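In case you want the letters, here they are:
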Amino acid sequence: MCGIIGFTGNEPAKDIIIGGLERLEYRGYDSAGLALLSNDQIQVRKRTGKVEELRKLCEAEKMPATCGIGHTRWATHGEPSDINAHPHTNVSGTIAIVHNGIIENYAKIKNWLQSQGVVFKSQTDTEVVAHLINYYYEQKKDIFYAVLQALKKLEGSYALGVVCKDFPDRVIAARKDCPLIVGVGNGENFIASDVPAIL
Ligand code: GLU
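Cut-offs used in this document
Residues numbered from 1 in each chain as written. Predicted model: local features only at pLDDT ≥ 70, side-chain atom pairs only at ≥ 80, totals over all residues. Heavy atoms only, no water. Core = buried A, V, L, I, M, F, W, Y, C linked by side-chain atoms within 4.5 Å. Buried < 20%, exposed > 50% of the residue type's maximum accessible area, 1.4 Å probe, protein only. Helix = DSSP H or I, 4+ residues; strand = E, 2+ residues; numbered from the N terminus. Contact = heavy atoms within 4.5 Å. Pairing = 2+ DSSP bridges. Axes fitted to C-alpha atoms, helices over the stretch in contact; angles between N-to-C directions. Polar contact = N/O pair within 3.5 Å; in protein donor to acceptor, adjacent residues only side chain to side chain.

So, the nonpolar core
- One finds Ile-95, Ile-97, Val-129, Ile-133, Ile-143, Leu-154 and Val-162 to be the most contacted residues of the largest nonpolar core, which totals 27 residues.
- Mapped onto this core, the elements with two or more residues apiece are strand S6 (95-103), helix H3 (106-115), helix H4 (127-140), helix H5 (143-153), strand S7 (156-164) and strand S8 (172-176).
- It is H4 that provides the largest number of residues to this core, a total of seven residues.
- Not counting residues within four places of it along the chain, the set of residues in contact with Ile-133 comprises Ile-95, Ile-97, Ile-143, Ala-146, Val-147, Ala-150 and Val-162.
- With 18 residues, the next largest nonpolar core counts Ile-5, Leu-21, Leu-24 and Leu-34 among its residues.

As for the sheet that holds S8
- Spatially, the four strands line up as an open sheet ordered S5-S6-S7-S8, and their pairing is antiparallel. Whereas interior strands pair on both sides, the edge strands pair on one side only; in this sheet they are strand S5 (88-89) and S8.
- As defined by bridge partners, S5 adjoins S6 across two bridges and the pair is classed as antiparallel. If you follow Thr-89 over to S6, its bridge partner there is Ala-96.
- Along the sheet face, H4 touches S5, S6 and S7 and points at about 130° away from the line of S6.
- H5 contacts S6, S7 and S8 of the sheet and is inclined by roughly 160° relative to S7.

A few points about the side chain of Thr-124
- The residue Thr-124 is located in the loop between H3 and H4 in this model.
- At a separation of 2.8 Å, a polar atom in the side chain of Thr-124 contacts the side chain of Ser-122.
- At 3.2 Å, the side chain of Thr-124 forms a polar contact with the backbone nitrogen of Glu-127.
- Setting aside its immediate chain neighbours within four residues, Thr-124 contacts Arg-73, His-77, Asn-84, His-88 and Tyr-106.

In structure tokens, the structure reads:
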């Protein structure tokens, strides 16, 4: 179990995401992280410990991004650590994802990706999803297509939030056997593992 949040709108996303994660902390609390789309790049910040540690890490930083994703983790694959904390990215850091659930066939996908030259950073099952999305993104440069193709290869359970540098106001979401809600607002939209995160 873990908590996911995503936001796209006109307000700075950092505090909305961290505030949402604090209200999801009952779902997991070994580490927390966020990815923000800012100035043609994705800023990823993550840290072992409670969401408060993430808040401290980001406190002094000016982060004007109005789109991003966040995660509070309850580890299933890979110990709680800064590296295993979500979000996870593709090699170039242009695609970032958060995941709740377990990818049952991650070892098989990981072996195949490694045979294609992908170097992994973490011990998580989640990281394969970031690299798999990247693999399909390279085919058409269409993030929606890439996520759909990647999902076809996954076995297990997931709620996913995905952002891509080339689509700076978009959060792609998907779920299978894990909770994920969509909040549609006025000029802003949310995803979250549970209602309190976006109230
Ligand atoms: N399986 C993923 C991990 O260990 C996600 C765990 C979760 O849902 O909290 O990082």
